Amino acid sequence: MSASYAWHFPIKSLHAKACADYANGNRILDSYFIADEIRELAAIGATAMEFYDFAEDGASLDWETAMLIASARRDYFLVVQKGEWSKRQIVIDDLPAKTNELEGIAWLPRLIAKAEGRLHGELPPDLMYCCGGDRRFLEKYVIHPADFMREVWAADGDTAKILSYVRSHR
């Protein structure tokens, strides 16, 4: 159903299911979704781990934000990647440090790399785009996490454009 007009309905159900499992104390990722549900997530460029992360951070990451992030990834996955998964996976140690700065703005180099990784479907399972640190940064600059992802997509590697976008929101 992911290619249909109502692709978001089963995704919302899977998000609710993950949140309920997490709220009930389930921390075993492999028990969250059955094979058909994992395929449903994969059809929009998402993974079970990403939806587990959304559930884990559910107290401060609402369904609408999760949906908008998933939607930005879905668009990139279907439009740019033509529904094909990247063969690459980011190595966490290769990311900019949390303290790295771009023209005096700490965390921004790391956030850009994570947004690119999320767009491309290249984040490793133990790295979340829109974690608490990302959310603090984005809240400080009054930028929605999905909007930041779309800006990173539009900038196409031009960090000056991203820097200008961030500065315009301060």
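None of these values were measured; they are calculated from a predicted model. (Residues numbered from 1 in each chain as written. Predicted model: local features only at pLDDT ≥ 70, side-chain atom pairs only at ≥ 80, totals over all residues. Heavy atoms only, no water.)

A look at the packing of helix H4 (residues 63-79) against helix H7 (residues 145-155)
Right, on to step 1. The geometry of H4 relative to H7 is characterised by a closest axis approach of 8 Å and an angle of 20° between their N-to-C directions. It follows that H4 is roughly parallel to H7 by the angle criterion. The residues of H7 that touch H4, namely those facing Thr65, Leu68, Ile69, Ser71, Ala72, Arg73, Asp75, Tyr76 and Val79, are Pro145, Ala146, Met149, Arg150 and Trp153.
Right, on to step 2. Among the residues forming the contact of H4 with H7, the class breakdown is nine nonpolar, two polar and three charged. (Axes fitted to C-alpha atoms, helices over the stretch in contact; angles between N-to-C directions. Helix = DSSP H or I, 4+ residues; strand = E, 2+ residues; numbered from the N terminus. Parallel < 35°, antiparallel > 145°, perpendicular 65-115°, else oblique. Contact = heavy atoms within 4.5 Å. Nonpolar A, V, L, I, M, F, W, Y, C, P; charged D, E, K, R; others polar.)

So, H4
Right, on to step 1. With 17 residues, H4 extends 24 Å from end C-alpha to end C-alpha; this agrees with the ideal 24 Å at 1.5 Å per step.
Right, on to step 2. Summarising burial for H4: twelve of the 17 residues are buried, a large majority.
Right, on to step 3. Where H4 is concerned, the buried positions are Trp63, Thr65, Ala66, Met67, Ile69, Ala70, Ser71, Ala72, Arg73, Arg74, Tyr76 and Phe77.
Right, on to step 4. Buried positions along H4 lie against helix H1 (8-23), helix H2 (35-42), helix H3 (48-56), helix H5 (108-120) and H7.
Right, on to step 5. A distance of 3.3 Å separates the backbone nitrogen of Glu64 from a side-chain oxygen at the start of H4, and that oxygen is part of Asp62. (Expected span 1.5 Å × (residues − 1). Buried < 20%, exposed > 50% of the residue type's maximum accessible area, 1.4 Å probe, protein only. Polar contact = N/O pair within 3.5 Å; in protein donor to acceptor, adjacent residues only side chain to side chain.)

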